[in-house]
Amino acid sequence: MPRPTSPARRPLPHQVRIIGGIWKRTRLDVADRPGLRPTPDRVRETLFNWLGQDLSGWRVVDAFAGTGALGLEAASRGAADVLLVESEGALVDQMRAVVRKLAADNVRVQRGNALSVLAGLPAASVDLVFLDPPFDANLFDKALAAAVPALAPGGAIYLEAPAAWQGEALAPYGLEVVRHLKAGMVHGHLLRRVA
């Protein structure tokens with residue numbers, strides 16, 4: 001007869017961690033939600049090697065934030081203003097609890113539609129936009145179209161998608177791939193305006 005699992009033996013919830021900056025090693029719980037796929041630690045490490053370790057003064061939007069791992073990583077590395085946008089209430093509550101725990105005065109959490117929030121941002125007001133929409137929602141084109149006007153000169157967009165985005169797909173938005181990685185089934189793209 002199998003023994004019942006004691007509370008001490010229950011598996012921990014899935015977690016990711018902040019990998020750099022002032023909150024390095026802080027663990028973030030990942031809720032069991034359909035379509036929620038936080039950017040793995042290894043991919044975030046590569047992304048922030050591309051961006052640089054010090055994001056002091058940057059204005060950042062993490063659209064489709066989920067756990068907020070990307071935006072919190074930017075805030076940990078000195079970003080001055082980070083907006084985490086998420087439509088699901090339970091995830092918003094979880095991110096707000098993390099922000100309170102970290103006393104992260106440079107991070108705001110907003111419940112809402114990421115496309116609407118991006119479209120409502122002032123022109124050229126953001127240095128970095130993280131776009132990691134649910135892969136099955138077909139929102140990539142709409143998200144890029146909404147994000148580009150808010151991008152400040154010299155700013156960047158990180159796009160995470162199930163397939164590689166090439167020049168002709170990005171041309172309508174005036175963007176080009178500066179860096180690309182593939183990790184498992186995920187493609188990460190660092191995009192900038194075509195010079």
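As shown above, the structure is provided for reference.
Below: a short report on this structure. (Residues numbered from 1 in each chain as written. Predicted model: local features only at pLDDT ≥ 70, side-chain atom pairs only at ≥ 80, totals over all residues. Heavy atoms only, no water.)

1. Considering the pattern of salt bridges
Basically, it comes down to this: By definition here, a salt bridge exists when the distance from a side-chain nitrogen of Lys or Arg to a carboxyl oxygen of Asp or Glu is within 4 Å. Relative accessibility under 20% of the residue-type maximum defines a buried residue, over 50% an exposed one, and the middle range a partly exposed one, all with a 1.4 Å probe and only protein chains included. Put simply, DSSP H or I for four residues or longer makes a helix, DSSP E for two residues or longer makes a strand, and each gets a number counted from the N terminus.
All told, the structure shown has 4 salt bridges when counted by the stated rule. One salt bridge connects Arg77 with Glu73, and the closest N-O pair in it is separated by 3.0 Å. Overall, the relative accessible area of 7% leaves Arg77 in the buried class. Of the charged contacts in the structure, one is a salt bridge between Arg108 and Asp81, with a shortest N-O distance of 2.9 Å. Of the two residues, Arg108 is situated in strand β5 (residues 107-111) and Asp81 in strand β4 (residues 81-86); the sequence distance between them amounts to 27 residues. Taken together, the shared-partner salt bridges in this structure form one network comprising Arg44, Glu73 and Arg77.

2. Details of helix α1 (residues 41-51)
This is how it is decided: This arc is built from the directions going out from the helix axis to the C-beta atoms. Here a residue-residue contact requires only that any non-hydrogen atoms of the pair lie within 4.5 Å.
Those residues of α1 that sit buried are Val43, Arg44, Leu47, Phe48, Trp50 and Leu51. Buried residues of α1, viewed axially, fall in a sector of 150°; they line one side. With respect to the buried face of α1, the exposed residues turned more than 90 degrees away are Arg42 and Asn49. Buried residues belonging to α1 abut β1 (15-17), α2 (69-76), β6 (126-131), β7 (151-161), β8 (175-183) and β9 (186-193).

3. Quick word on the pairing of β6
We apply this condition: Paired strands are those between which DSSP finds at least two bridges.
Across the 6 residues that make up β6, a large majority, 6, are buried. In terms of strand pairing, strand β3 (residues 59-63) meets β6 through 4 bridges, oriented parallel. By the bridge assignment for β6, Asp62 is matched with Phe130. With 5 bridges connecting them, β6 and β7 associate as parallel partners. Bridge pairing in β7 places Val126 opposite Leu151.

4. Brief notes about helix α3 (residues 89-102)
The α-helix advances 3.6 residues per turn, and as a result positions three or four apart in sequence lie on the same side. Note the cut-off: A helix is expected to span 1.5 Å multiplied by its residue count minus one.
Helix length check: α3 (14 residues) gives 20 Å between terminal C-alpha atoms against 20 Å at 1.5 Å per residue, within 8%. In this structure, the buried residues of α3 make contact with β2 (27-29), α2, β4 and β5. Directly beyond the C-terminal end of α3, a positive phi value near 55° is found at Ala103.

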